[in-house]
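Summary of structural features
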Amino acid sequence: MTLQGRITLTRYLIEERRRFPKASGELNGLILDISLACKALARIVSRGPLAAAMLPQAGAVNIQGEVQKPLDVLSNDIFVRMNEWSGHLAGMASEEMDAPCQIPPSFPRGKYLLVFDPLDGSSNIDVNVAVGSIFSILRAPPEVAGSGRDVEEADFLQPGAAQVAAGYAIYGPTTQFVLTVGNGVAVFTLDHDLGEFVLTASNVQVPEDTHEFAINTSNARFWEPPVKRYVDECLAGKTGGRGKDFNMRWIASVVAEAHRILMRGGVFLYPRDTKDPARPGRLRLLYEANPLGFVMEQAGGRASTGRQPVLGVRPAELHQRIGLVFGSKNEVERIERYHHEPAASTAAPAPLFATRSLFRD
Ligand SMILES: O=P(O)(O)OC[C@H]1O[C@](O)(COP(=O)(O)O)[C@@H](O)[C@@H]1O
Ligand SMILES: [Mg+2]
Ligand SMILES: [Mg+2]
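- In the annotation of an unreviewed UniProt entry, the entry for the protein reads Fructose-1,6-bisphosphatase class 1, and the organism field reads Ideonella lacteola.
- UniProt lists a comment for the protein under the heading Sequence similarities (unreviewed entry), and it reads "Belongs to the FBPase class 1 family."
- One UniProt comment on the protein, placed under Subcellular location (unreviewed entry), says "Cytoplasm".

Put into structure tokens, the structure is as follows:
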């Protein structure tokens, strides 16, 4: 097997760096360390129950109130260990760590912050369905970069638009690494023979239109009227106002939904709902919505809270949850329009007056 004519992640990053002659190479180093953590995780995930012996005890409850799975804990450790020593980071934050993670004083500090969801799709770990890791890279405030003060939660509360780079790894039938450094989206596939991520798609574009939506319909009774209207119209298909049939998907790993949508279009909704008024959404802004949103927007798609672009939201907390809608531009914009229309027009049509009713000719 040769690398002839094939571009590895390392080579791709070197080419990207040429666009910034003054660049120090620290960002490239950091992204390569993250990709190494993902390679290590891909190996463990692919071993499934055979890896049980190397998994830590779990069962602690994280700040989300979720019981941590052994692989949640191990993947978090792998991300921290792979990145803390490099000198590229001033600090880290993760779904699985209540507070920001400091760089040990024995290691040099860098100018970036890493925020990550080490294992996404935890409910799918034991049932052999695709899971992933999601990451977001921000600049550290100058007073923290280098040998400054310890990082604080406030340092991470930057809008998604401030991200320097973001992406995810998906551990499915193949392992892929998806990356944006603000110049389009590239997809790398892990070549197990070489142990290298090799470029298999660049400047990926999300189709503007789609006939595929993804939402957890078991929450339907908690949806707000604009979402209910949108889903009802998709379900009405050709017989309704959309005049076309829609198909539905739900994998319960947002990283896998994002990858499907990146590859063939679609729209994903985990909207704000009334299920738990204290929880304005299921997914987390800093390490799920923002990195996936950056990838979507860089690929010509849209990412929204349902009401506004998600990358414009100023975070208030490290583990803040938010309603999230992303994917094909025209669908996301339609959903936003429904949220901005006066309530009356967003109400789902009363069955009596629906298209197939006694009172319509
Ligand atoms: O179980 P639900 O309500 O369908 O939620 C599924 C969602 O929860 C998540 O698993 C949450 O992420 P984690 O697994 O990282 O906690 C998403 O990947 C997925 O979209
Ligand atoms: Mg997640
Ligand atoms: Mg997770």
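Now that the structure has been shown, the text picks up again.
**Let's talk about the coordination of the magnesium ion (ligand 3)**
- Looking at the magnesium ion (ligand 3), the protein donor atoms are Glu95 (OE), Asp117 (OD) and Leu119 (O), and they sit 2.0 to 2.2 Å from it.
- Separating the magnesium ion (ligand 3) and the magnesium ion (ligand 2) is a distance of 3.6 Å, and Asp117 donates to both of them. One end of the pair, Glu95, is in the loop between β1 (89-94) and β2 (101-102); the other, Asp117, is in strand β3 (residues 112-120), and 22 residues separate them in sequence. The pair Glu95 / Asp117 is uniform in exposure class, with both members buried.

**Looking at helix α1 (residues 9-17)**
- Buried within α1 are the following residues: Leu9, Tyr12, Leu13 and Glu16. The arc that holds the buried residues of α1, viewed along the axis, is 95°, so those residues lie on one side.
- Residues of α1 that are buried sit in contact with α2 (26-47), β6 (175-180), β7 (185-191) and β8 (196-201).

**With respect to the site of ligand 1**
- Around ligand 1 lies a shell of 17 residues, among which Asp120, Gly121, Ser122, Val254 and Tyr270 are the nearest.
- With respect to ligand 1, the side chain of Asp117 contributes an N or O atom lying 2.9 Å from an oxygen atom.
- Within the backbone of Gly121, a nitrogen or oxygen atom sits 2.9 Å from an oxygen atom of ligand 1.
- Compared with its free state, where it exposes 470 Å², ligand 1 has 89% of that area covered by protein.

**Comments concerning the packing of α2 against helix α3 (residues 70-84)**
- Close contact between α2 and α3 brings their axes to 9 Å; oriented N to C, the two are set at 150°. Here α2 is positioned roughly antiparallel relative to α3, judged by the angle of their axes. Remark: the crossing between α2 and α3 carries right-handed chirality. Where α2 abuts α3, its residues Leu30, Asp33, Ile34, Leu36, Ala37, Cys38, Ala40, Leu41, Ile44 and Val45 lie against Leu71, Leu74, Ser75, Ile78, Phe79, Met82 and Asn83.

What counts and what doesn't
- Residues numbered from 1 in each chain as written.
- Chains lettered and ligands numbered in written order.
- Predicted model: local features only at pLDDT ≥ 70, side-chain atom pairs only at ≥ 80, totals over all residues.
- Heavy atoms only, no water.
- UniProt positions renumbered as here; feature names shortened; annotations may be inferred.
- Donors = N, O, S within 2.8 Å, 3.2 Å for Na, K, Ca; no water.
- Helix = DSSP H or I, 4+ residues; strand = E, 2+ residues; numbered from the N terminus.
- Buried < 20%, exposed > 50% of the residue type's maximum accessible area, 1.4 Å probe, protein only.
- Arc of directions from axis to C-beta.
- Contact = heavy atoms within 4.5 Å.
- Near = heavy atom within 4 Å.
- Polar contact = N/O pair within 3.5 Å; in protein donor to acceptor, adjacent residues only side chain to side chain.
- Areas by Shrake-Rupley, 256 points an atom, 1.4 Å probe, with all protein chains shown as cover.
- Axes fitted to C-alpha atoms, helices over the stretch in contact; angles between N-to-C directions.
- Parallel < 35°, antiparallel > 145°, perpendicular 65-115°, else oblique.
- Left-handed = near helix turned anticlockwise from the far one by under 90°.

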